[in-house]
Amino acid sequence: MSERKQFRAIKGTRDILPPDSALWNWFEHSAREVFESYNFGEIRTPIFEETSLFARSIGANTDVVSKEMYTFEKKLEILRGAFLQSSSGVTDAASLRKYLQYLAVFVDNLQRGITVGEVSNAPENVEVFSILTAIVVESVARHDNGQSEPDDRWNEQLRRSRILVEQVDIGGGESLRPEATASVCRAYIEHNMQALPGNQKLYYIGPMFRRERPQKGRYRQFYQIGAEVLGQSDAPAIDAEVLEMLLVFFNRVGLTRTTLYVNSIGDKNCRPQYVELLREELRKVKDKLKEDSQRRIETNPLRVLDSKIPEEQSIIETLPRISDHLCDECRAHFAKLKEELNLRRIDYKENWRLVRGLDYYTRTTFEVTAEGLGSQNAVCGGGRYDGLVELLGGPPTKGIGFAIGTDRSILSIEEGGNAPKLSGLAVYIAWMGLASYPTAVNIARKLRAAGLSVELPPEEMKFKKSLGLADKLGARYAVIIGEDEVASRTFTLKRLADGDQKKLAEGELLEYLESERRR
Ligand code: HAM
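Residues numbered from 1 in each chain as written. Predicted model: local features only at pLDDT ≥ 70, side-chain atom pairs only at ≥ 80, totals over all residues. Heavy atoms only, no water.

### A look at the sheet that holds strand S15 (residues 490–495)
The condition that has to hold: In this scheme, strands are said to pair when DSSP sees at least two bridges between them. Only DSSP runs of H or I with at least four residues qualify as helices, and only runs of E with at least two residues qualify as strands; both kinds are numbered from the N terminus onward. We call two residues in contact whenever any of their non-hydrogen atoms come within 4.5 Å of each other. Each axis is a line fitted through C-alpha atoms, taken for helices only over the stretch in contact, and angles between the N-to-C directions span 0 to 180 degrees.
Strands sit in the order S13-S12-S14-S15-S16 across an open sheet of 5 strands; the sheet is mixed. Taken across any chain shown, the strands that pair with only one partner, and hence form the sheet edges, are strand S13 (454–455) and strand S16 (501–505). In this sheet, strand S14 (residues 477–481) lies alongside strand S12 (residues 427–431) in parallel orientation, the contact comprising 5 bridges. Its bridge partner being in S14, isoleucine 429 is matched across the sheet by valine 479. Strands S12, S14 and S15 of the sheet are contacted by helix H17 (residues 463–472), whose axis makes an angle of about 170 degrees with S12. Along the sheet, helix H19 (residues 506–517) contacts S12, S14, S15 and S16; its crossing angle with S16, the most-contacted strand, is approximately 120 degrees.

So this is what it looks like as structure tokens:
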């Protein structure tokens, strides 16, 4: 008997349905318009990449990489694990047979992997593969010859095959992207974009994936709209323009109850000394800190500054501040950025504790928080990441960007009562009598071609029921087409908000509704 299971979206993921999806489209469309007015172009990157791309750029020690990524282990890696396990306990004929089977399956899959390009065809791999193939052929022949009990020769065979299987370079796994800056930098290098004229100004829109504990404003599949500028210049005017663009966009979509926080976290010349100093000071107060912060003293002391734990706040306030330890270049960069922000009349607050949770940042960091969101109130985060492209094997490159959390932004816009009334259904065609149906189809097509959203009931309905449905669907107008209307070629147009009716000829009807659309 088939089980009647009720499927639900996986925890931390959700469906976005109409009419909410219209709000999402409007939000994303507005971002495109604003970003393109600043000469940004869209980049679309895959939603999964090599795990090591994220580990190298975001940092292997960060929460995002070490705890939250959705990673797919390669099948060959799983088969390797099964083989190594089976080969460690060969004590009788049965376990010897199992070992041989696992070895054969591994070698089979290795061949397939190399052929389809999932596994590197580097000479070392190809050589190991051919030795392993010879071992499999020889072993199967020996086994079929009746030598199916473990002995010294088998043990030696086993030892060699274990070493060889371990030598295969399967390559790292793949992960769903937890963010897109790493992918953009990968693409920049892969497509040699440094050779293109000017700075590369790119934006992206799409889903990201982090296995976080779901709560209001925090999802496992969430959506970001991000922008990145990559090139040779680290002029603070770039940072300021990026922030201006962000705030122009937030203003455009009615996300106005926001605060912009900025900070500079120094660069590779001054940050290491500051981090060491911070670590020393933190060790002195270690006993007063909670477990997470205690651990971070050694792994990543900057992250202690991010702590939201009430008992830790007064201790953190006494710690040394990065702003007092910036090198001359970083200090000048930060001062110039603030000048540029003032020039653009951008309100901001300095927050020396804004260190961000991803490792690639240098100098400028920023975050925007919004009201109405509770604890997950950051609607945008970003900053400078000079040197990241180089770290990923590309040329020396400067970079800065941000990512807006769409889910949270829309939540905040809705809670602030600023969501726009999006037009939705314009015209409902209430037709009755089969003779009027062809005219209804024809009129619907003409109105749709004129850009109006039109609902045409697929089956005949009584006028009363039909108009009731038009109301429920939120249509602004109903066009009434009965047999009389078809005969006289004049149609009744009813405005559903107040019931106002007028009779119009077909041409007048089209003209009238088209002009309504333009309002
Ligand atoms: P992030 O601060 O990790 O930065 O994420 C940016 C924004 O994405 C957050 O401010 C938040 O609005 C949203 N967000 C993050 N995680 C979740 C979640 N689990 N559920 C809902 N929304 C979430 C980055 O991702 C960097 N790549 C930004 C960047 C671009 N820096 C330079 N360029």
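### With respect to the state of the cysteines
Note the threshold: Criterion for a disulfide: a pair of cysteine sulfur atoms at a distance within 2.5 Å. Each residue's exposure class comes from its accessible area (1.4 Å probe, protein chains only) as a fraction of the maximum for that residue type: buried when under 20%, exposed when over 50%, partly exposed otherwise.
For the structure shown, the criterion picks out 0 disulfides. Here cysteine 270 is not disulfide-linked; the sulfur of cysteine 327 is the nearest cysteine sulfur, at 3.6 Å. Cysteine 330 forms no disulfide, and the closest cysteine sulfur to it belongs to cysteine 327, at a distance of 3.6 Å. On the basis of relative accessibility, which here comes to 0%, the residue cysteine 330 falls in the buried class.

### A few points about the pattern of salt bridges
Selection criterion: Whenever Lys or Arg places a side-chain nitrogen within 4 Å of a carboxyl oxygen from Asp or Glu, that contact is recorded as a salt bridge.
Applying the stated criterion across every chain, the model contains 38 salt bridges. Glutamate 276 is paired through a salt bridge with arginine 279; the nearest N and O atoms lie 2.7 Å apart. Within this pair, glutamate 276 and its partner arginine 279 are both found in helix H10 (residues 271–284), separated by 3 residues, close to a single helical turn. The partly exposed category is assigned to glutamate 276, whose relative accessible area is 33%. Put simply, arginine 283 and glutamate 298 hold a salt bridge, and the shortest N to O gap is 3.0 Å. One end of the pair, arginine 283, is in helix H10; the other, glutamate 298, is in helix H11 (residues 291–299), with 15 residues separating them in the sequence. Ionic contacts of the salt-bridge type, sharing partners, join the residues Arg495, Asp498, Asp500 and Lys502 into one network.

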